[in-house]
Amino acid sequence: MESTKLGEIPLSAKSSLVVSKFKGNDDVERIDIRLFVSGDKYAGPTKKGVTLPKDRLPDLVKLLSQL
């Protein structure tokens, strides 16, 4: 499963929010929004994030636009 990084939002010197897309095992295109960290012991993705089918992205944008 190969993912394509769409963008990154720096949150601090050691963390960022990364948005990527990939095709799941069921051939459904998905969007992943995940916290990445860069520390002394570990650098990479964390469990903090969400993955959703690409066709649900407009629903998420609609909810976020209400903020």
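Everything numeric in this text was worked out from a predicted model, so none of it was measured.

Each value, and the rule that gives it
Residues numbered from 1 in each chain as written. Predicted model: local features only at pLDDT ≥ 70, side-chain atom pairs only at ≥ 80, totals over all residues. Heavy atoms only, no water. Helix = DSSP H or I, 4+ residues; strand = E, 2+ residues; numbered from the N terminus. Buried < 20%, exposed > 50% of the residue type's maximum accessible area, 1.4 Å probe, protein only. Contact = heavy atoms within 4.5 Å. Areas by Shrake-Rupley, 256 points an atom, 1.4 Å probe, with all protein chains shown as cover. Lys, Arg positive; Asp, Glu negative; His and termini not counted. Charge placed at Lys NZ, Arg CZ, Asp CG, Glu CD. Pairing = 2+ DSSP bridges. Axes fitted to C-alpha atoms, helices over the stretch in contact; angles between N-to-C directions.

> Would you mind going over the overall build of the protein with me for this structure?
Of the regular secondary structure elements, the protein holds one helix and four strands. The N-to-C order of helical and strand elements in the protein reads β-β-β-β-α. Seen through its C-alpha atoms, the protein measures out along the principal axes to roughly 35 × 35 × 20 Å. The proportion of buried residues among the 67 residues of the protein is 21%. The long-range share in the protein, meaning contacts at least 24 apart out of those at least 6 apart in sequence, stands at 11%. On the protein, roughly 5300 Å² of surface is accessible, and the fraction owed to carbon and sulfur atoms is 57%. The distance from the centre of the 12 positive side-chain charges to the centre of the 9 negative ones in the protein is 6 Å.

> Can you walk me through the sheet that holds strand 1 (residues 3–12) in this structure?
Pairing between the strands of a sheet is mediated by backbone hydrogen bonds and can be parallel or antiparallel. Reading across the sheet, the four strands line up as 1-2-3-4 and stay open at both edges, with antiparallel pairing between neighbours. Edge positions in the sheet fall to strand 1 and strand 4 (43–53), since each of these pairs with one other strand and no more. Shown here is a sheet whose adjacent strand axes are inclined to one another by a mean of 20°, direction ignored. In this sheet, strand 3 (residues 29–38) lies alongside strand 2 (residues 15–23) in antiparallel orientation, the contact comprising nine bridges. Paired with Ser16 across the two strands is Phe36, which belongs to strand 3.

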